[in-house]
Amino acid sequence: MTAECIKISEMSRHVGQEVTIQGWLYNSRAGGKVQFLIIRDGSGMCQGILEKKEGAEELFQEVKHLGQESSLRVQGMVREEPRSVGGYELALSDVQIVHKTQDYPITPKSHGIDFVMKNRHLHLRSRRQWALARIRHTVVEAIRNFFNSHGFTLVDTPIFAPAVGEDEQTLFNLDYFGEDVALSQTGQLYLEAAAMSLGRVYCFGPTFRAEKSKTRRHLTEFWMVEPEIAYIDLDGLLEVAEQFVYSVVQAVLKDRQVELEILERDVRVLQKIKPPFVRLSYTEAVELLHSDKVKLFLEGQLQQKQEQVKQLEDHITQWTGEQEVSKKQWQKDKLSQQIQQAREDINELQEQINNIPHHMELAAGFRWGKDLGGSDETIISQLHEQPVFVHRYPKQAKAFYMKPDPLEDRVVLNFDCLAPEGYGEVIGGSMRQDDYDALLARIKKEGYEVENYEWYLDLRRYGSAPHGGFGLGVERTVAWLAGIKHIRETIAFPRMMGKIYP
Ligand code: 4AD
Ligand code: MG
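Residues numbered from 1 in each chain as written. Chains lettered and ligands numbered in written order. Predicted model: local features only at pLDDT ≥ 70, side-chain atom pairs only at ≥ 80, totals over all residues. Heavy atoms only, no water.

**Focus on the overall build of the protein chain**
For step 1, the next point in the chain: A tally of regular secondary structure across the protein chain gives 15 helices and 19 strands.
For step 2, the next point in the chain: For the protein chain, the C-alpha atoms occupy an extent of roughly 90 × 50 × 45 Å along the three principal directions.
For step 3, the next point in the chain: The buried share among the 502 residues of the protein chain stands at 48%.
For step 4, the next point in the chain: Residue pairs at least 24 apart in sequence account for 69% of intrachain contacts in the protein chain once pairs closer than 6 positions are excluded.
For step 5, the next point in the chain: Accessible area for the protein chain stands at about 24900 Å²; split by element, carbon and sulfur atoms hold 50% of it.
For step 6, the next point in the chain: Across the protein chain, 61 positive and 73 negative side-chain charges occur, with their mean positions spaced 5 Å apart. (Helix = DSSP H or I, 4+ residues; strand = E, 2+ residues; numbered from the N terminus. Buried < 20%, exposed > 50% of the residue type's maximum accessible area, 1.4 Å probe, protein only. Contact = heavy atoms within 4.5 Å. Areas by Shrake-Rupley, 256 points an atom, 1.4 Å probe, with all protein chains shown as cover. Lys, Arg positive; Asp, Glu negative; His and termini not counted. Charge placed at Lys NZ, Arg CZ, Asp CG, Glu CD.)

**Quick look at the pattern of salt bridges**
For step 1, the next point in the chain: Evaluated as defined, the whole model comprises 28 salt bridges.
For step 2, the next point in the chain: When the shortest N-O distance is used, the salt bridge between K310 and D314 registers 3.4 Å. Linking K310 with D314, this pair stays in helix α10 (residues 292–325), spanning four residues, or about one helical turn.
For step 3, the next point in the chain: A relative accessible area of 51% means that K310 is categorised as exposed.
For step 4, the next point in the chain: Here the residues in one salt-bridge network are R40, E69 and R125, joined through shared partners. (Salt bridge = Lys/Arg side-chain N within 4 Å of Asp/Glu carboxyl O.)

**Quick notes on the site of ligand 1**
For step 1, the next point in the chain: Among the 24 residues in the neighbourhood of ligand 1, the closest are listed as E166, Q188, R209, E226 and E425.
For step 2, the next point in the chain: Between ligand 1 and the protein, one listed contact pairs an oxygen atom with a side-chain N or O atom of R209 at 2.8 Å.
For step 3, the next point in the chain: Between ligand 1 and the protein, one listed contact pairs a nitrogen atom with a backbone N or O atom of L219 at 2.9 Å.
For step 4, the next point in the chain: Those elements that provide at least two residues to the shell around ligand 1 are β12 (221–230), β18 (424–431) and β19 (467–473).
For step 5, the next point in the chain: Here the shell around ligand 1 gets five residues from one element, more than from any other, and that element is β18. (Near = heavy atom within 4 Å. Polar contact = N/O pair within 3.5 Å; in protein donor to acceptor, adjacent residues only side chain to side chain.)

**Description of the domain arrangement of the protein chain**
For step 1, the next point in the chain: For the protein chain, the assigned domains read domain 1 (4–99), domain 2 (118–290 + 366–490) and domain 3 (291–351).
For step 2, the next point in the chain: Here domain 1 and domain 3 have C-alpha centroids that lie 35 Å from each other. (Domains from an automatic or database assignment.)

**Examining the nonpolar core**
For step 1, the next point in the chain: Of all hydrophobic cores here, the largest spans 56 residues; its most connected members are I143, F244, F415, I427 and W480.
For step 2, the next point in the chain: Looking at this core, the elements with two or more residues in it are α4 (127–148), β11 (200–208), β12, α6 (234–255), β17 (414–419), β18, β19 and α15 (474–482).
For step 3, the next point in the chain: A total of 12 residues in this core trace back to one element, the largest contributor, which is α6.
For step 4, the next point in the chain: Setting aside chain neighbours within four positions, we find I427 in contact with A241, V245, F415, D416, C417, F470, G471 and L472.
For step 5, the next point in the chain: The next biggest cluster of nonpolar side chains, apart from the first, holds 20 residues, and it includes C46, V74, Y88 and L90. (Core = buried A, V, L, I, M, F, W, Y, C linked by side-chain atoms within 4.5 Å.)

Right, dumping it as structure tokens:
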């Protein structure tokens, strides 16, 4: 290979030139005297066209029988071709096979989610997973950019934690040289100490929670970014949170158009996101859940989903018929993929349909004082186009460190940010209890070992100041922006109950 080596993403700058690309064979298709190769190199995908030429029959045959995911170097002339993947293609003059692959387990035919998750180390090479990884990258980059450009200092907080940070029920306990400690559920408590030194700080790292239920929103290991700010009030926190979320949405819209398109994300709903977000007190949220508006909305959903199921069933019948008469293998594969997807969608819809009466009951019977459940959040977020800040939850339902509202002692100065379209909570945050006596009393009431919290109480003994912050979960944010149902695909190697391989 003599030509300059470039990335597929750079092809637009090399039209008319001979170039080399190094990558993997994503797919291949025969077309008489030519072979169409879809090549990926990590930066993008392109089509390479190899013609059967005199004197090069052997290479042509070898390439024709190359298995999916063989690694190769190719050389060819870059041409503009709007119909081709990525808009450019390569007229191949040479192919160098780096490694021949046979029987790659993940074929263009469709596989069930359990199968691909067991093969996650290979699954990452698929177009969809490639797109998701790049969206996640941009989300993380935008998160760092926002805090770095708004006067925050990064502080890395420990992962071995000697005390409850958020919720006793979800602690991962481990033996630390004979001492019981847990994996960190939040960096917040340590961050509060750092905020008293640096004013505005943030931490960004892995977070661990022994979530014993399998839901589409819960991982046992996830990434959370947490800012903490000294001398702020709840309104101020909400303003930071909405500017922050807005900046992340904008970055993804700007830098990840191709990826959003691959995922068939309806970007119009993201384009509408703009501060100010909706503000709804918990008490108002409960009233909303009890209202006819919610009842009518859920009844409408039920009907809509039943119609969708019917439509999908009709499609399956039609595609099955087409499959029987289609002659080309790739057409059959494509149809079988569509059918499999439709079946999965039907199962999912059916489950949602079965759940609606239950969710209706939960909403109508919701009692003031409980934490909002997943289905309640889903309903509230489906009723709004903008993210919703639900603020001032009942004290009894929330963590020990939250500061009660001086105007209404039964609620705390906290908020959750619910992403629209039913995605639900992406941020949890609050003002912190800064009064020594009140905090001590609450720690005792929870039955925590006061000794473990002496350092935390010191922050209220020496120069206590009003402060607050919040935490945003990266995976839930990526799932929302990418428009995917389950957060298991938003991280390279997800950890959930019953899922630790690979
Ligand atoms: O609401 P949470 O529990 O808040 C805290 O941990 C606070 N200490 C944050 C703070 O004020 N500094 O969690 C914050 C966010 C949630 O809104 C959600 O996005 C994410 O973390 N999260 C999870 N993501 C995936 N899987 C889980 N099991 C999650 N639990 C929380
Ligand atoms: Mg929360």
